[in-house]
Amino acid sequence: MGCKQCGTCCRWSGYVHLTDKDIKRIVSYLNMDEIEFIDTYTCLTNNRQGLSIIERDDGSCVFFDDSTNLCNIYNVRPQQCREFPMRWHLKDMTGCQFD
Ligand code: SF4
């Protein structure tokens, strides 16, 4: 099952957990300082044991570009996004496109 970059999962509300490796890859791609990235784009998960990418008011991921329907950091997207739908807690995958 391969991702067809339909953007459906990027519009769903929920955690996108970040590993240390994810953060290193993304900050390097964005040419940002790690602390600045964490302050700007992440939030602490409810169990206070990890970081997640922040979402907009409509639940979409802050890195999702609605005008292009693409992820702005696709080449360095977090492992959780690479492994979709594993580790995503979904009730309904209607609308998500796979090969
Ligand atoms: S990081 Fe990219 S692929 Fe992952 S949810 Fe956000 S927009 Fe989608």
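Numbers given for residues are sequential positions, taken from 1 along each chain in its written order. Restriction of local features to residues with pLDDT of at least 70 applies here, the model being predicted, together with a cutoff of 80 or more for giving and counting side-chain atom pairs; totals for whole chains, interfaces and linings are based on all residues. Note that the side-chain values use all heavy atoms of the structure and ignore hydrogens as well as water.

This paragraph deals with the sheet that holds strand β3 (residues 51-53). Strand pairing is assigned whenever DSSP identifies at least 2 bridges connecting the two strands. Strands are runs of DSSP state E lasting at least two residues, helices are runs of H or I lasting at least four, and both sets are numbered from the N terminus onward. Taken together, the three strands give an open sheet; going across it, the order is β1-β3-β2, and neighbouring strands pair in antiparallel fashion. The outermost strands of the open sheet, each flanked by one partner alone, are β1 (17-18) and β2 (42-44). Of the pairings in the sheet, the one linking β2 to β3 comprises three bridges and is antiparallel in character. Across the sheet, residue Thr42 finds its bridge partner in β3, namely Ile53. Should any heavy atoms of two residues lie within 4.5 Å, those residues are considered in contact. As a rule, the C-alpha atoms of each element are fitted with a line to give its axis, helices using only the stretch in contact, and angles between N-to-C directions run from 0 to 180 degrees. Of the strands in this sheet, β1, β2 and β3 are in contact with helix α3 (residues 34-41), which crosses β2 at around 75 degrees.

Our next topic: the pattern of salt bridges. By definition here, a salt bridge exists when the distance from a side-chain nitrogen of Lys or Arg to a carboxyl oxygen of Asp or Glu is within 4 Å. By the definition in use, this model includes three salt bridges. Between Asp66 and Arg11 there is a salt bridge, with the nearest N and O atoms lying 3.9 Å from each other. Taken as a pair, Asp66 in the loop between β4 (64-65) and β5 (70-71) and Arg11 in helix α1 (residues 8-11) lie far apart in primary sequence, 55 residues in all. The salt bridge involving Glu34 is made with Lys24; its shortest N-O contact spans 3.6 Å.

Definition used in this section: a nonpolar core is a set of buried Ala, Val, Leu, Ile, Met, Phe, Trp, Tyr and Cys residues joined via side-chain atoms within 4.5 Å. Buried, partly exposed and exposed residues are distinguished by accessible area as a fraction of the type maximum, computed with a 1.4 Å probe on protein chains only: under 20%, between the cut-offs, and over 50%, respectively. Core analysis: the largest hydrophobic core is formed by 14 residues, its most contacted members being Leu18, Ile23, Ile26, Phe37, Ile53 and Phe63. Mapped onto this core, the elements with two or more residues apiece are α2 (20-30) and β3. Excluding residues that lie within four positions of it along the chain, Ile23 makes contacts with Leu18, Glu34, Phe37 and Leu51.

To continue, consider the environment of Ser60. Within the element layout of this structure, Ser60 appears in the loop between β3 and β4. Taking the relative accessible area as the measure of exposure, Ser60 reaches 4% and is therefore buried. C-alpha of Ser60 to C-alpha of Ser13: the two residues are 47 residues apart in sequence and 6.0 Å apart in space. With residues up to four places along the chain from it excluded, the contact list for Ser60 reads Cys10, Arg11 and Glu55. Two N or O atoms count as a polar contact when they lie within 3.5 Å, although within protein this holds only if one can serve as hydrogen donor and the other as acceptor, and sequence-adjacent residues are included solely when both atoms are side-chain atoms. Only 2.7 Å separates the side chain of Ser60 from the side chain of Asp58, close enough to count as a polar contact.

On to the confidence of the model for the chain. pLDDT expresses how confident the predictor is about each individual residue, on a scale running from 0 to 100. Looking at the chain as a whole, its pLDDT mean stands at 86, while 82% of the residues score no less than 70. Mean pLDDT across the elements of the chain bottoms out in α1 (85) and peaks in α2 (98).

Taken together, the residues surrounding the ligand are Cys10, Val16, Ile53, Cys61, Phe63, Phe64, Cys71, Pro78 and Cys81. Here the term charged refers only to Asp, Glu, Lys and Arg, the term nonpolar to Ala, Val, Leu, Ile, Met, Phe, Trp, Tyr, Cys and Pro, and the term polar to all other amino acids, Gly among them. Across the shell around the ligand, the residue classes break down as nine nonpolar, no polar and no charged. The nearness test applies per residue and asks whether one of its heavy atoms lies within 4 Å of the molecule or strand.

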